[in-house]
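Residue-level structural notes
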Amino acid sequence: MWTWDKPQFFGLRARAANVCTGKGNYTAQQFQADFPQFFNSEGKPLLPEAMLAEVINMVNDSICPDKWGSSWRYAAGLYVAHYVTLMLRSYAPSNDTAGQAAASGALVGVVKSATLGDSSVTYDTSAITAGTEDWGDLNSTTYGQMLASRARMIGLAGMAVI
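Residues numbered from 1 in each chain as written. Predicted model: local features only at pLDDT ≥ 70, side-chain atom pairs only at ≥ 80, totals over all residues. Heavy atoms only, no water.

1. Comments concerning the packing of helix 5 (residues 72–90) against helix 8 (residues 142–154)
Threshold: Interaxial angles span 0 to 180 degrees and are taken between N-to-C directions of axes, which are lines fitted to C-alpha atoms, for helices over the stretch in contact. Helix and strand definitions here come from DSSP, where helices need a minimum of 4 consecutive H or I residues and strands a minimum of 2 consecutive E residues; each element is numbered from the N-terminal end. Note on convention: the crossing is left-handed when the near helix lies turned anticlockwise from the far helix by less than a right angle, right-handed when the turn is clockwise. Contact definition: two residues touch when any of their heavy atoms are within 4.5 Å. Polar here means any residue outside two lists: the nonpolar Ala, Val, Leu, Ile, Met, Phe, Trp, Tyr, Cys and Pro, and the charged Asp, Glu, Lys and Arg; Gly therefore counts as polar.
Where helix 5 contacts helix 8, the two axes come as close as 7 Å, and the packing angle between them is 145°. For the pair helix 5 and helix 8, the sense of crossing is left-handed. Each of Tyr74, Ala75, Leu78, Tyr79, Ala81, His82 and Thr85 in helix 5 lies in contact with helix 8, whose residues at this interface are Tyr143, Gly144, Met146 and Leu147. Partitioning the contact of helix 5 with helix 8 into residue classes produces eight nonpolar, three polar and no charged.

This is the structure:
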């Protein structure tokens, strides 16, 4: 019979239940090395540094190194790239009107149909979200889709709770 006071069982339930036991240490410097497209030729991020720092904090709290193993840095980079992409889609140094500011947050999908007379465009995202429908905003960028697909593979392993 086992008891929780035996050291060999410490943390076993948490690991088996896929509970994160560690915090990441991904940095802006690693992100720049991994995804240089989000930085200008002078090495400055294309969005405000405070926002990049916030996304770096988010990834270190969200993507667990002990769960991802050797793929952790790749997953962390995809996470940051995804959220930086979303932020850049709506980013503007400033806006002159409330309408311009509101328009910067509009959703965009894949063009389903378009007409030239009176300019009509219809978007469809169902083709790119099949299989990860429940993954929230991760379906809105290729980085997020790659992260969701990889996360599905990482999460396929079985688990046992003692």
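2. Comments concerning the packing of helix 3 (residues 49–62) against helix 5
Put simply, the test is: Oblique is the label for any angle not under 35 degrees, not over 145, and not in the 65 to 115 range, which are roughly parallel, roughly antiparallel and roughly perpendicular in turn.
Remark: helix 3 packs on helix 5, axes separated minimally by 10 Å, with the N-to-C direction vectors making an angle of 140°. With respect to their mutual orientation, helix 3 and helix 5 come out oblique. Viewed along their axes, helix 3 and helix 5 form a crossing whose handedness is right-handed. Taking contact as the criterion, the partners of Met51, Leu52, Val55, Ile56, Met58, Val59, Asn60 and Ser62 in helix 3 are, on helix 5, Trp72, Ala76, Tyr79, Val80, Tyr83, Val84 and Met87. Residues that form the contact of helix 3 with helix 5 fall into these classes: 13 nonpolar, two polar and no charged.

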